[in-house]
Amino acid sequence: MLIARWFLGIAALLGGLAVGLGAFASHGLREQLSDRALAIFETGVRYQMYHALALLLVGLWLSRAEAGRSLLTSAGIAYCIGVLFFSGSLYALSLSNIKILGAVAPLGGVAFLVGWSCLAIAAFTFK
């Protein structure tokens, strides 16, 4: 199934990018950012990794699923949107100090919640 392969590939890219960004924050940004800005950046990295792993799970489950594909697809899409809006806005906020960017993060958080809800419904209706 094509979407399962896409989710697996995106999950691998997001996971690798999270590792790279975490190392960059630890080694390259430690002297450049305030402790608060560094903590914000690291929160973005942490949530990106959590959802890269969740997307990996969705891709694997979707590759084997016979039913519930729409819920799993919705979960995967929601995780991708969540990483973009939540983690992306935290990275931009910490690097630019433009406070309004913090208002975007809750949209990503809602997308994460939608994804987890879709995954839960898929799990409880799994046959």
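Here, every reference points to the structure presented above.
The rules we used
- Within any chain, residue numbers begin from 1 and follow the written order of that chain's sequence.
- Totals for whole chains, interfaces and linings use all residues, but because this is a predicted model, local features are given only for residues with pLDDT of at least 70 and pairs of side-chain atoms are given and counted only at 80 or more.
- Side-chain measures were taken over the full set of non-hydrogen atoms in the model, leaving aside hydrogen atoms and water.
- Buried Ala, Val, Leu, Ile, Met, Phe, Trp, Tyr and Cys residues that are joined via side-chain atoms within 4.5 Å together make up what is termed a nonpolar core.
- The buried label goes to any residue with under 20% of its type's maximum accessible area, the exposed label to any with over 50%, and the partly exposed label to all in between, with areas taken from a 1.4 Å probe on protein chains only.
- Strands are runs of DSSP state E lasting at least 2 residues, helices are runs of H or I lasting at least 4, and numbering of each runs from the N terminus.
- Here a helix's expected span is defined as the number of its residues, less one, multiplied by 1.5 Å.
- One side-chain nitrogen of Lys or Arg within 4 Å of one carboxyl oxygen of Asp or Glu is enough to make a salt bridge.

Draft legend 1. Spotlight on the nonpolar core. One finds Val58, Trp61, Leu72, Tyr79 and Leu119 to be the most contacted residues of the largest nonpolar core, which totals 24 residues. When residues of this core are traced back to their parent elements, those giving at least two are α1 (2-29), α2 (35-64), α3 (69-96) and α4 (105-124).

Draft legend 2. Molecular detail of α3. The end-to-end C-alpha distance of α3, which contains 28 residues, comes to 39 Å, matching closely the 40 Å that a straight helix rising 1.5 Å per residue would cover. Immediately beyond the C-terminal end of α3, within one or two residues, lies asparagine 97, with a positive phi of roughly 60°.

Draft legend 3. A look at the pattern of salt bridges. Under the criterion given, the structure shown has one salt bridge. We note a salt bridge from arginine 30 to glutamate 42, for which the minimum N-O separation is 3.8 Å. Placement of the pair is arginine 30 in the loop between α1 and α2 and glutamate 42 in helix α2, with a sequence separation of twelve residues. For glutamate 42, a relative accessible area of 32% corresponds to the partly exposed category.

This is a description of form; function is not addressed.
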